[in-house]
Amino acid sequence: MNEPKLLIRSELLASGTTVDEIRQALRIGALRRVARGIYIDGTTELDPVALHRVRVLGFRGNLSDGAAVSHVSAAAMHGLALWDVDLSRLHISRNRASGGRRLDTVHVHTTSLPPDEVVSVAGVPVTSVARTIVDLARTLQTDHAVVAGDSALRMYPDALPLLADAVSTARTRTGIAAARRTVEFLDGRSESPGESLSRLRIAAAGLPTPELQYELHTDSGAFVARPDFYWKDVGVVGEFDGRGKYGADEPGATAETVHKEKLREDALRALGLEVVRWTWPELFRFDTVRVRLAAAAGRARRR
């Protein structure tokens, strides 16, 4: 990841920049404060997760021995997908039994921190991917934890066999029952936050579990599509459309993309399949999608 250059107050002063010049640069937006005494170029455009990662980098000099960046901060450092989570605080875990605190900008967790659950990312001690998945699954709402966990297994498939040990190590920590359920549900084949949320909605609606990213071919073997969801037994394909106000999984529609989507759906229907699409807003009123999926399954059975 290409991180913006950190500008250290003491170094700026040593190079001849005055205190008044720093204050003026902050006022007009030429500098942006990311931690006490640490800035970045104010013209640098960062999304919330990237900004959080920069804040972690700026804080690393304050980490005590035996401490590691954890929870959502570790997720940001590992590059995991974070959807609709609170990034106002940096999360730090310390290997001790007491002394935890929650301040306006930093949340210090006290917990056991085995050496094999800490790795270095950009020179910063960070909880491992498996440990981070479990910490998120313990402490976040299920929607948020699954989005991050799916992306973790997609990006770091080697973490999958380590999850059982990470869950076992955390067996006495708060939220471990929820973490077990979440970890069992995770699937690295989900390719976006919207697809992860779709899987949760499908399960909550009591629908059969679909195949994910299943490759479909013509009788002659020509590739047709790899839909997000496929109910093979009933001949229904489900597609999540990431365009919408709740997320940005896909770019906005253009005439070309709409035309390509139509051709793709025509090709799927030529295989005798029903196609159902849904959008970000419909993830929060999924009953309407469930009805459409049921109707599509009924049409497919009548063929």
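Residues numbered from 1 in each chain as written. Predicted model: local features only at pLDDT ≥ 70, side-chain atom pairs only at ≥ 80, totals over all residues. Heavy atoms only, no water.

**Re the overall build of the protein chain**
Of regular secondary structure, the protein chain possesses 11 helices and 17 strands. Projected onto its principal axes, the C-alpha positions of the protein chain cover 75 × 50 × 35 Å. A burial count over the protein chain gives 47% of its 303 residues as buried. Contacts spanning at least 24 positions in sequence make up 57% of the contacts within the protein chain whose residues lie at least 6 apart. Working note: accessible area of the protein chain is about 15,700 Å², and carbon and sulfur atoms make up 51% of it. Looking at the protein chain, you have 41 positive and 38 negative side-chain charges, and the mean spots of the two groups are 5 Å apart. (Helix = DSSP H or I, 4+ residues; strand = E, 2+ residues; numbered from the N terminus. Buried < 20%, exposed > 50% of the residue type's maximum accessible area, 1.4 Å probe, protein only. Contact = heavy atoms within 4.5 Å. Areas by Shrake-Rupley, 256 points an atom, 1.4 Å probe, with all protein chains shown as cover. Lys, Arg positive; Asp, Glu negative; His and termini not counted. Charge placed at Lys NZ, Arg CZ, Asp CG, Glu CD.)

**As for the side chain of histidine 91**
Looking at the secondary structure, you find histidine 91 in strand β5 (residues 90-95). Here histidine 91 is in contact with Ala68, Val69, Ser70, His71, Val72, Ser73, His107 and His109, once residues within four sequence places are set aside.

**Considering the packing of aromatic side chains**
Counting across every chain of the model gives 6 aromatic pairs. Taking the centre distance of 5.5 Å and the plane angle of 25° together, the rings of phenylalanine 229 and tryptophan 278 count as stacked. Taken together, the residues phenylalanine 229 in strand β13 (residues 229-231) and tryptophan 278 in strand β17 (residues 274-279) connect sequence positions 49 residues apart. Judged on exposure class, the residue phenylalanine 229 and its partner tryptophan 278 are both buried. An angle of 80° between the planes, with centres 5.6 Å apart, marks the rings of phenylalanine 240 and tryptophan 280 as edge-to-face. (Phe/Tyr/Trp six-rings, centres within 6.5 Å; stacked < 30°, edge-to-face > 60°.)

**Quick look at the sheet that holds strand β3 (residues 38-41)**
Strand pairing in a sheet relies on backbone hydrogen bonds. The paired strands run either parallel or antiparallel. One open sheet accounts for 3 strands, arranged β1-β3-β2; its pairing is antiparallel. The two strands at the open ends of the sheet, each matched to only one other strand, are β1 (7-8) and β2 (31-35). Bridge count for β2 against β3 is 4 bridges, and the pairing is antiparallel. Opposite alanine 35, over in β3, you have isoleucine 38 as the bridge partner. (Pairing = 2+ DSSP bridges.)

**Considerations on the packing of helix α3 (residues 48-59) against helix α4 (residues 71-78)**
For the pair α3 and α4, interaxial distance at closest approach is 9 Å and the crossing angle is 105°. Looking at the two axes, α3 sits roughly perpendicular to α4. Counting all contacts with α3, which are made through Val49, His52, Arg53, Val56 and Leu57, the residues of α4 involved are Ser73, Ala76 and Met77. Its residues assigned to classes, the contact of α3 with α4 comprises 5 nonpolar, 2 polar and 1 charged. (Axes fitted to C-alpha atoms, helices over the stretch in contact; angles between N-to-C directions. Parallel < 35°, antiparallel > 145°, perpendicular 65-115°, else oblique. Nonpolar A, V, L, I, M, F, W, Y, C, P; charged D, E, K, R; others polar.)

**Quick look at α4**
Structural remark: α-helix, 3.6 residues per turn; residues separated by three or four positions point the same way. For α4, the buried fraction is high: 8 of the 8 residues fall into the buried class. Among the residues of α4, His71, Val72, Ser73, Ala74, Ala75, Ala76, Met77 and His78 are the ones counted as buried.

**Some remarks on the side chain of aspartate 150**
If you trace the backbone, aspartate 150 turns up in helix α6 (residues 142-155). On the basis of relative accessibility, which here comes to 0%, the residue aspartate 150 falls in the buried class. Of note is the side chain of aspartate 150, whose polar atom sits 2.7 Å from the backbone nitrogen of aspartate 187. Setting aside chain neighbours within four positions, we find aspartate 150 in contact with Leu186, Asp187, Gly188, Ser190, Ser196 and Arg199. (Polar contact = N/O pair within 3.5 Å; in protein donor to acceptor, adjacent residues only side chain to side chain.)

**Considering the pairing of strand β7 (residues 106-111)**
Where burial is concerned, most of β7 is hidden: 5 out of the 6 residues are buried. One ladder, built from 6 bridges, connects β5 with β7; its direction is parallel. From the neighbouring strand, serine 93 faces β7, where its bridge partner is histidine 109. In the sheet, strand β6 (residues 101-102) pairs with β7 via 2 bridges, with the strands oriented antiparallel. Paired with arginine 101 across the two strands is valine 108, which belongs to β7. Connecting the antiparallel pair β6 and β7 is a turn made up of 3 residues.

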